[in-house]
Each structure stands twice: as C-alpha cells, then as structure tokens.
2 protein chains.
Amino acid sequence: MSATKAGRPRRKRAGQYHHGDLRRALIEQALRTIDAAGADRLTLRGVGAALGVSRTALYRHFADKEALLAAVAREGFRLLREALLEAWERDGRGAAGFEAMGVAYLRFAIDHPSHYRVMFGRFVESGERDADLEAEAESAFGALVDALTALQRDGLARADDPLLQARFVWSVTHGIAMLVIDGRLRGCDEDAAALNRYTAERLRQALSAEPAPGANR
Amino acid sequence: MSATKAGRPRRKRAGQYHHGDLRRALIEQALRTIDAAGADRLTLRGVGAALGVSRTALYRHFADKEALLAAVAREGFRLLREALLEAWERDGRGAAGFEAMGVAYLRFAIDHPSHYRVMFGRFVESGERDADLEAEAESAFGALVDALTALQRDGLARADDPLLQARFVWSVTHGIAMLVIDGRLRGCDEDAAALNRYTAERLRQALSAEPAPGANR
DNA sequence: ACCTGAACACCGTTCAAGT
DNA sequence: ACCTGAACACCGTTCAAGT
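A brief structural summary. What you are looking at is a predicted structure, and each value in this text was computed from that prediction instead of being measured.

Calculation criteria
Counting restarts for each chain, with residues numbered from 1 along the sequence as it is written. Written order determines the labels here, with chains lettered from A and ligands numbered from 1. Selection of residues for local features in this predicted model requires a pLDDT of at least 70, selection of side-chain atom pairs for listing and counting requires 80 or more, and totals for whole chains, interfaces and linings are taken over all residues. As a rule here, side-chain values cover all heavy atoms of the structure and leave hydrogens and water aside. Within this document, salt bridges are pairs made up of a side-chain nitrogen of Lys or Arg and a carboxyl oxygen of Asp or Glu, the two lying within 4 Å of each other. The way it works is that DSSP assigns letters per residue, a run of H or I at least four long becomes a helix, a run of E at least two long becomes a strand, and they are numbered from the N terminus. Note on classification: 1.4 Å probe, protein chains only; a residue is buried when its accessible area is under 20% of the maximum for its type, exposed when over 50%, partly exposed between these limits. Stacked, tilted and edge-to-face pairs are distinguished by plane angle, under 30 degrees for stacked and over 60 for edge-to-face with tilted covering the rest, among Phe, Tyr and Trp rings (Trp via its six-membered ring) whose centres lie within 6.5 Å. Contacts were defined at the residue level, with two residues in contact if any of their heavy atoms lie within 4.5 Å.

Things to note about the pattern of salt bridges
- Counted according to the given criterion, the structure contains 35 salt bridges over all chains.
- In this structure, A:Asp160 and B:Arg202 form a salt bridge, with 3.9 Å as the shortest nitrogen-oxygen distance. In this pair, A:Asp160 is assigned in the loop between helix 6 (131-153) and helix 7 (162-181) and B:Arg202 in helix 8 (residues 188-207), connecting two distinct chains. One exposure class covers both A:Asp160 and B:Arg202, and it is buried.

Regarding the packing of aromatic side chains
- Going through the model one piece at a time under the given rule, you end up with 12 aromatic pairs over all chains.
- Taking 6.0 Å as the distance between ring centres and 80 degrees as the angle between the ring planes, the aromatic pair formed by A:Phe168 and B:Tyr198 counts as edge-to-face. With A:Phe168 in helix 7 and B:Tyr198 in helix 8, this residue pair bridges two chains.
- For A:Phe168, a relative accessible area of 0% puts it in the buried group.
- With centroids separated by 6.2 Å and ring planes inclined at 70 degrees, the aromatic side chains of B:Phe120 and B:Trp170 adopt a geometry described as edge-to-face. Highlighted residues: B:Phe120 in the loop between helix 5 (113-119) and helix 6 (131-153) and B:Trp170 in helix 7 (residues 162-181), separated in sequence by 50 residues.
- Judged by relative accessible area, B:Phe120 falls into the buried class, the value being 2%.
- Under the relative-accessibility criterion, B:Trp170 is labelled buried at 7%.

Here's the deal with the side chain of B:Gln165
- Assignment of secondary structure puts B:Gln165 in helix 7.
- Look at B:Gln165 and you get buried, because its relative accessible area is 0%.
- Setting aside chain neighbours within four positions, we find B:Gln165 in contact with A:Tyr198, B:Leu148, B:Gln152, B:Ala157, B:Arg158, B:Asp160 and B:Leu207.

Any functional reading would require information that these geometric values do not contain.
As structure tokens, then:
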C-alpha cells in the first residue's frame, strides 16, 4: 500500500531492513519449514533466505538454533492448549467434553506430526531448559488437570490425586499419538480409529469409581 | 597378544586396516556416543576417529548416517525384547511377570534415554523404512502380545483382541517412558515411582474382566 | 538498535587412488 | 574387497563494519 513498499522486490532498499516483527516472522517461517519437511531439514540460513533477510539477522532475536526451536515448541503448546480447552468447553465440560479433548489432542498430533515432535524429545542433554517453554507446557497440562478435577467433582471419575490422574491420562494419549505419527499402526486410518475406540473404553473403565467387590471404602 | 599388535599405537601399519567386524564396531561406537552425549552429537567423523579408522570407511558398511542410526535403533529393539522376555519368564509368566515387563521396559528407557529416543521418533519424513528395523520392533512388540494372550488364556485379562490390547498397553508404557526421560516429572524419582504405582493399578482395573452390571455376556 | 558480509570451524558425502 | 585423502557443498556461529 505505502510508497516505501514499491520498487524491485529482489532489491534491498537502504534503511529498509524488515517489516514489523522479525522475531514472530522467524518463528512462523521455521514452523512452516518444520511442518512441510521436518525439523531435521530446518536450517537457519534457509529461514533467513525465505524471509529475505541475512542469515545472521536471527541472532538478534534468538541465542542459537536451539532457542528458535524452543520458541517453536512453546508455540505448539499454546496451540495445543487452545485446542484442548475449545473441545472441553464446546462439548459441555463433562464426560463428552473429556473425550473430545482426547480427540482434539490426537488430531493436533496427526495434523502437525513434525511440530508435535519438536514439542517433545528435545533438550535431553541440554540440561538447562527454556523457562517460558516449561510454563507453556505446564499450562497445556493444566487444562487436563482442570478437566479431571471437574469430572471428579461431578462423580464422573475416581477421586484420586488429579495431578497423578492427569499424568496417567496424558501418558496414554501421548503414547497413542507417538505410535500413530511414527506410522507404527499399519492400516493407518482403520487401525488408529480402532485403537482410539478401544482406549476410550479402557480409560472409562480405569477411571470409573471402583465397583470391585471386597473394597470397604 | 600377537606380534602384529606391537609398535606405535598412533601409527598405522601398512596392510593393517581394521580387526574383524568393523560394521559391529561402528554400531557399538555410535551407541557409546549416543548414550554418553545424545544422538544430536553423533558425527560419522567422530565415530571413525574413535575407532582409528578413516571417516569414509563407514560407507563400506552403511549407505549413510540414517542407515547407521537405523542399525542402532534395531539393536535397541533387540535389547528391549530380551529384557522384556527375561522379566516375563523370571517372574512366572503370570500377573507378576506382566508387571515385571512394565518395570523392565521403563528401566530400559530410563537407563538409555538417548538410545530409546533413536528407536522412536526417527524416519518421520524418510518415507521408506528399514525392513530389518521394522521386523525387530515388531518382534519386541510380539513379546507383549504373547504375554497378554497367555494372561487371557488364564482368565487374568479381558478377552479382547490381543493386538489391540497390546497396542493400548504399549501406548501407556511408552507415554510414561517419554514423560520420564523428558524430565517432565519434577521430583524425578519420587514422582516417577508414584506414577508407576498408580498406572499399574489403573491398568489392572482397565484390563480386568468387566464387573459392571448390565452386561449380558 | 538492527542488519550485513566475510570468515571460521565444522559437517555428510563423493570419488579417484592406493593396497 | 576394503580403506585412504583430497575435495565439494553444505552447516551454525562469530565479528567487525555499516546505517
């Protein structure tokens, strides 16, 4: 729109570095590359080139490649949390909403397998972890804890430690997500659907108030 | 011992390439590096140097770096399968043996987190997968299917499709393993132990023959 | 402040050449 | 057959210099 945007697109004008938020643009470009080709194929030089920016411009906003990946992972947990909350609330904050959360979780992993992989499996040996990333992951996990607490209040789930219960549920869901995006279920669609159905049943049984005989409480 | 081993250790003797099985040595060296520093830190040049061999010698035995990693992953599934079978048989091929398998699985993941990570999470975008690796992974999974089949025969588990049931159990265990080695459980030891205990209980409940009323079968 | 361009120390992989 | 050494096309990262 503005006159300063005119001129040859390949040519850099003096004083015209980059439009508004380069940091944001870097994250989004990295995410595009990761979704399209996987995190292994991500190069800082490629990200810069795609944005028409020098390959060292990135270092003004990120300490190194790991920091960029941490930002991408953080963005993933933010999107995941939003998807979980949306599903939970849309389907009535009850048993149906809880199952919808599970579906939304798997959908996220299946739709963005490379992004999902960056969110986990990083920082094994790094020792130090990004505090913001940690907080965002905890926040997404919190959506699950809150849902289970609500279910317990309404007598729809065993009255166990919600944190422990949430970790168990997360383990199951994360495990399925990994098996699916690793392609370890052969007849992909059908097998995955069957596993989802079976798991939902088993989870219902595992979390229901114990009906077994002999328990005095 | 032999006279040919004498001489300067840094100096290469003419005609003395490498002792017996270089392929095996390459896998084991790669595994050492991965266990010590993580798969990200693995370089082919480093592996060659550690073995006193040129950095291109590797290409006589592996097509590329990915192929070496596939061999390392395959070795992992072999070791995992052995650990699972050993636990299952040692503890009596029953309910106790089944729980021992779970413990052995988590022990493997915790003792070799980087190796465990290489076994999963690879080959997202590669398309083609190593057939031998696939077979070894299937074989390890088979140990779980066999155990569940035996439990069902003895009336110790619901009579569901063993394959589906095994996938569910694997998902849970894999999910926990990932949470633990990602360091997502804060008070590492204590929290992990509590989660293991809780999960074992929930799994018992989820796999027990359904005691719910109203079922006519 | 933010960005650039050259430079450095690495990679994986290829290939003609040695034994 | 198996291994070597030089070479190629890449990386991430640093840094003095520009505006």
